[in-house]
Amino acid sequence: MKNLRKRFIQEDIKLDEISPPTPSHGGTTHLSDQDEGDLDFFKVRIMYLSSVLIIFFVLVIARLWYLQIQNGEYFDSLAYNNRVRSQEILAPRGNIFDRNNQEVVTNRPSFNVVWMRKNKKIDNSFLEIMAKILHVKVEDLLVRIRKNAHSPLHVPIILAEDIDWKTLAYVENKKPELPGIRIEVVPLRTYHFGDLASHLIGYLGQINEKELKKRKEEGYRPGDLIGKSGLEKLEQTTLRGEKGTSYSEVNAKGYEQRSLQDTEALPGNDIQLTIDMELQKIAENAMNAANKAGAVVVVEVNTGRLLTLASTPGLPLTKFVGGIPNAVWKSILDNPYKPLRNKIVQEHYPPGSTYKLITSLAGLAEGMITPDTIIFCPGHYKLGNRTYGCWKKSGHGPVNLNKAIAESCDVYFYSLGQRLGVDKLAEYASLFGLGHKTGIEMEHEQSGLVPSTSWKRRRYNEKWHEGETLSVAIGQGANNTTPLQICMMTSVVANGGTLYQPKVIEEIRDPDGKPIKKFTPQIKNKIVGQAKNLQQIRKGMISAVNDKHGTGKIVKFEKMIVAGKTGTAQVVRLKQYRHLHEDDIPYKYRDHAWFVCFAPAINPEIAVTVLVEHGLHGGSGAGPIARLVLEQYFAERLKEVDTMSFVSLPDFSEETLVNPQNNKIKVN
Amino acid sequence: MFRFDRRLITNFDWVMLLILIFISAMAMVNLYSSTWRGGPVGSPIFYKQLYMYLVGFALILVIVSFDYSELELFGYIFYVLIILTLAYTTFFVDTVAGTQRWIKLGFFNLQPSEPAKLILVIVLAAHYSNDKVSLQKGYGLLDLLKPALLTMVPFILIFKQPDLGTALMLIILLVSMTLLLKLRKSAIISILATTIPIAFIGWNFLLKAYQKRRILTFLNPEGDKANHGYQIMQSKIAVGSGQSFGKGFLEGTQGHLQFLPERHTDFAFSVWGEEWGFTGCLIFLGCYFFMLAWGILTAITARDKFGMMMAFGLVMLIFWQAVINLFMIMGLLPVVGIPLPLFSYGGSSLLTTIISIGILISIRMRGFPDQSLHHS
């Protein structure tokens, strides 16, 4: 840099002198007489060579003269009269089917009425005719026209979107009398199950600048529709297809004269879901009918296929088509039930008593208890100078594991939890997949939270208090889980220890129906050597549904054994609300209700998880939804008369002899 | 870092700056129209290019405050850097739209083949002005070996990208600058005797029809898809239908009805021709010619051989690209991806051209006093 400046200063000195550069002026060029001779030689050379500049500019101007002046009129007539215009043909987006190949989302053609003006004057009588045909007010048409007032004449103005068949037929018929009026066909999404599974499917919207930038190289253009949420977004590339081009002869005003050959658009790939839309319908409609906000998840316990993924209230998918009206969007934002949140994976809640399944396994596997260990429940539990209550104030009396699960005795699990410690609990919770994202095909999944001493140190820089362990052992406190995680946890109990990767895509097919990608079960984790212990827990869950005092009796069937567990997630512990009658507690302070179950209890097929936000009690708030789902799924079998094998209660007598010391947990 | 010197202003080449502003203004008017999609505002592309222009003008201020003779050394450093960048892009970056490769810099996608042309001019000028070949003897074949090598390395890298249009520009620049020198007769004869027959025989006998076609396709891979003739025909119609006075700003039908391909990049001038007619074209070409002629004047009045060589090379760099682009638009050349400097959309090309003009201004400012500029 220093050197540069030196030269710069020297240079300036030079500029002040009148004489040509002297040898002292620095730089690498040493000038002598001979060099000056050189410079003269090059000056002449440059002047000679510069003649190419003149020659070529003359040539360019001559050519321009030839094109614009001599043949200008000819080219102008070409430009005016015909000309092949290439226009993009939108590719039909891929369809979405459910597991039974019922159409869930497909495309339909929608018809817009567009108008090409001849001049910028507005002919009132013409507008009145159009308003009458389109059943709108003249003012509305004027608004649309004014919006495009700056556009040149050849830019068509859309007068009406998505007109019905009657209007379409009328316009087509009258076209000769309506100068400049044209029908434009645009494929739009159509939802055969209305707004069902809206969070899973997602909606489309016009591509924004950010997305355009990101996907610049994939051939997107402003105005294109693109998936904005759900599978439509995640599988955008799969569903999108390839645009085609249509060549047509139009005149310079943009009027189409004749269409030429096209390169056809390639439809996108189809997606077959693992979702059973009939089951989804039952679950989602039941939630909506009871005005319940929450989530319903149904999974095949031996594969990880998701049969139902409902989050209520849903999004009004049908209203997003062709742009959502502002009023509707505002009402979605203002809705206290938060329809925009996908409660299956984006919200997390304390798991409540459903967590006791994990505490149980930890206790059995670590040898803290056997199924026959008795703990006495007086209705409360003392730790230091604090008293922790059981939900049943009068107490459960002597409790073994089976009864503890069946009646959800808090004291039993306080005692067990205290002995295990929070870090052991965290270790087992993690084996069931809690605290980790499941990796399902949904956006913004939460990982939830499994509290531990190290977590508290990291997060708050505080020591763990033993009292907190008691809360964690019954699924309250800092515990946080998504409904999907709880459903997967239940399926691990049901299938004897395997944590599958939950998936929603059964198959991706090209437009000819050839499969491109197929579902295969994928094991995320296996709890080894705990088959007998899990059996004990299942037994407890069977009792919870089938015993006299069980908390989950709502899903008791005459012809089928179901295993289940209720849960209540505390929202606030404020004393001021605790003494109130339930109905008097403000909605947002009410507890969340959980219900998890699987069926049949022997050789389970599906696990069902229902979460009702602020639903108060698992059994009464969430249980009825689970029952409806089971009734739908097993409808055929429940109708059959001879279903004894399906129904019979298992004999657990041998399993009670298991020695838990021998069962160590291994993680794959 | 440096003291501001009043003489920077008194000696500044205002003529070149003014003509540059004229041409830029026309280019922006045209870009507004060619990317316009209705409504009273310009497209994002328009604002991006406007921003690039501002960056470019700021760069000119930086460039003129240094003596161009620094480039004799720095040119070689830039050369090594650009060769490394080209090698990186050629071998590690995927192509975009078939031919060009960009390096994503976050705020800006750099197309390294653009600055490569400019740097080659600098390096060739540096070499020729220092190679100690006497004018009496003239250049022999061996003396031309090093400049040929300097050209071939980036040529091969760009050719591999594959961007034959830009690669050929390098050869054209080498030839243009070498023509400044006094060549020995033997050298001229042996060059002509080898290249012309090879090209002629190669094209006519060694290549079969389908191979020639493939080369033409290679020149413009996109063109083949949508039919070569179609693009050129549409461009000719656009320019021709402009007639004497054009159709008016934003009223060009060829452009706005999407007949014209690449209408804001390579075919930008078609839009100009259509909307402003023969009159507008004459005004534009007049300005452009004046700019180049002023560049030639700069070369002639340069204080040393390096400045002279470089100024001439820079003028040739802009000139040949412009001519090839204009010929292509008017159907006199096949479609090759060469932009019209300053006029076609594209940050790399624009900045390269503006830097070239900045160097020209710097040479002009430090050139021989011509007439009354210096009287202390």
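Everything that follows concerns the structure shown earlier in this document.
Here we summarise the structure given alongside this text. (Residues numbered from 1 in each chain as written. Chains lettered and ligands numbered in written order. Predicted model: local features only at pLDDT ≥ 70, side-chain atom pairs only at ≥ 80, totals over all residues. Heavy atoms only, no water.)

## Looking at the overall build of chain B
Stated formally: Helix and strand labels come from DSSP, where a helix needs a run of H or I of at least four residues and a strand needs a run of E of at least two; each type is numbered from the N terminus. The rule is simple: take the accessible area with a 1.4 Å probe, protein chains only, and divide by the maximum for that residue type; under 20% is buried, over 50% is exposed, in between is partly exposed. Should any heavy atoms of two residues lie within 4.5 Å, those residues are counted as being in contact. Shrake-Rupley sampling with a 1.4 Å probe provides the accessible areas, and residues are treated as covered by the protein chains on show and by no other component.
When its secondary structure is counted, chain B shows 15 helices and 2 strands. Burial statistics for chain B: of 376 residues in total, 58% are counted as buried. Taking all contacts inside chain B whose residues are at least 6 apart in sequence as the whole, residues at least 24 apart take part in 75%. Accessible surface, chain B as shown: approximately 15600 Å² in total, 72% of it carbon and sulfur.

## With respect to the nonpolar core
Basically, it comes down to this: The definition of a nonpolar core used throughout is a set of buried Ala, Val, Leu, Ile, Met, Phe, Trp, Tyr and Cys residues joined through side-chain atoms within 4.5 Å.
Formed by 124 residues in total, the largest nonpolar core has its most connected members in B:F269, B:F284, B:Y288, B:M291 and B:M310. With sequence-adjacent residues up to four places away left out, B:M291 is seen in contact with B:M16, B:I19, B:I23, B:I318, B:L342 and B:I357. Core analysis: the second largest hydrophobic core is formed by 99 residues, A:Y191, A:L361, A:A494 and A:A601 among them.

## Digging into the side chain of A:T303
Residues and elements named next belong to chain A. Cut-off, in case you're wondering: Within 3.5 Å is the distance limit for a polar contact, defined as a pair of N or O atoms, with the added protein rule that one can donate a hydrogen and the other accept it, and that residues adjacent in sequence qualify only through two side-chain atoms.
Mapped onto the elements, T303 comes out in the loop between β11 (294-300) and β12 (306-312). Within the local environment of T303, its side chain forms a polar contact with the side chain of E300, the two groups lying 2.6 Å apart. A polar contact of 3.1 Å, which involves the side chain of T303, links it to the backbone nitrogen of R305. Non-local contacts of T303, meaning those with residues more than four positions away in its chain, are made with Y500, Q501, F519, P521 and Q522.

## Digging into the sheet that holds strand β22 (residues 592-599) of chain A
Backbone-to-backbone hydrogen bonds join strands into a sheet, with any given pair of strands oriented parallel or antiparallel. Residues and elements named next belong to chain A. Using the following cut-off: Here, strands pair whenever DSSP counts at least two bridges between them. Lines fitted to C-alpha atoms define the axes, with helix axes restricted to the stretch in contact, and inter-axis angles between N-to-C directions lie between 0 and 180 degrees.
Here we have 5 strands laid out as an open sheet, ordered β12-β11-β23-β22-β21, and antiparallel in their pairing. Edge strands, defined here as strands with exactly one partner in the open sheet, are β12 and β21 (563-569). This sheet shows a mean twist of 10° between the axes of neighbouring strands, independent of strand direction. Pairing of β22 with strand β23 (residues 606-612) involves 7 bridges; the strand directions are antiparallel. Residue pairing across strands places C597 opposite V608, the latter belonging to β23. Contacting β21 and β22, helix α22 (residues 531-546) runs over the sheet at an angle of about 80° to β21. Each of β11, β12, β21, β22 and β23 is contacted by helix α24 (residues 618-633), which is oriented at about 30° to β22, the strand it contacts most.

## Some words on helix α17 (residues 410-420) of chain A
All names here are of chain A. The buried count for α17 comes to 9 of 11 residues, which makes it a mostly enclosed element. For α17, the complete set of buried residues consists of D410, V411, Y412, F413, Y414, S415, L416, G417 and L420. Trailing α17 by a residue or two, G421 shows a phi angle of about 85°, which is positive.

## Here's the deal with the pairing of β21(A)
All names here are of chain A. When you tally the buried positions in β21, you get 6 out of 7 residues, the bulk of the element. Pairing of β21 with β22 involves 7 bridges; the strand directions are antiparallel. Within β22, the position partnered with G564 by the bridge is C597.

## Focus on the packing of helix α21 (residues 483-495) of chain A against α22(A)
All names here are of chain A. The following threshold applies: Relative orientations are named as follows: roughly parallel for angles under 35 degrees, roughly antiparallel for angles over 145 degrees, roughly perpendicular for angles from 65 to 115 degrees, and oblique for any other angle. Nonpolar residues are Ala, Val, Leu, Ile, Met, Phe, Trp, Tyr, Cys and Pro. Charged residues are Asp, Glu, Lys and Arg, and all others, Gly as well, are polar.
Orientation of α21 relative to α22, taken along the N-to-C sense of each, is 110°, at an axis distance of 8 Å. Overall, the two elements α21 and α22 adopt an arrangement that is roughly perpendicular. Residues T490, V492, V493 and A494 of α21 form the contact with α22, whose participating residues are L534, I537, R538 and M541. For the contact of α21 with α22, the per-class residue count stands at 6 nonpolar, 1 polar and 1 charged.

## Examining the environment of B:T178
Residues and elements named next belong to chain B. Along the chain, the position of T178 falls in helix α7 (residues 164-178). Looking at T178, the relative accessible area reads 11%, which means it is buried. Apart from the residues within four sequence positions on either side, T178 is in contact with Y128, L144 and L183. In terms of polar contacts, T178 uses its side chain to reach the side chain of Y128, at 2.8 Å.

## Concerning the packing of aromatic side chains
Formally: The rule is short: rings of Phe, Tyr and Trp, with Trp giving its six-membered ring, pair when the centres are within 6.5 Å, and they are stacked under 30 degrees, edge-to-face over 60, tilted in between. Throughout this description, the term charge over a ring refers to an Arg CZ or Lys NZ atom that lies within 6 Å of the ring centre and within 35 degrees of the ring normal.
Taken as a whole, this structure holds 37 aromatic pairs over all chains when the rule is applied. Taking 5.2 Å as the distance between ring centres and 70° as the angle between the ring planes, the aromatic pair formed by A:Y412 and A:F413 counts as edge-to-face. Of the two residues examined, A:Y412 and A:F413, each falls in the buried class. Put simply, the rings of B:Y32, B:F46, B:Y47, B:F249, B:F269, B:W272, B:W276, B:F284, B:Y288 and B:F343 pair up and form one aromatic cluster. One cation-aromatic arrangement involves A:K503 over A:F519; the distance from NZ or CZ to the ring centre is 5.5 Å.

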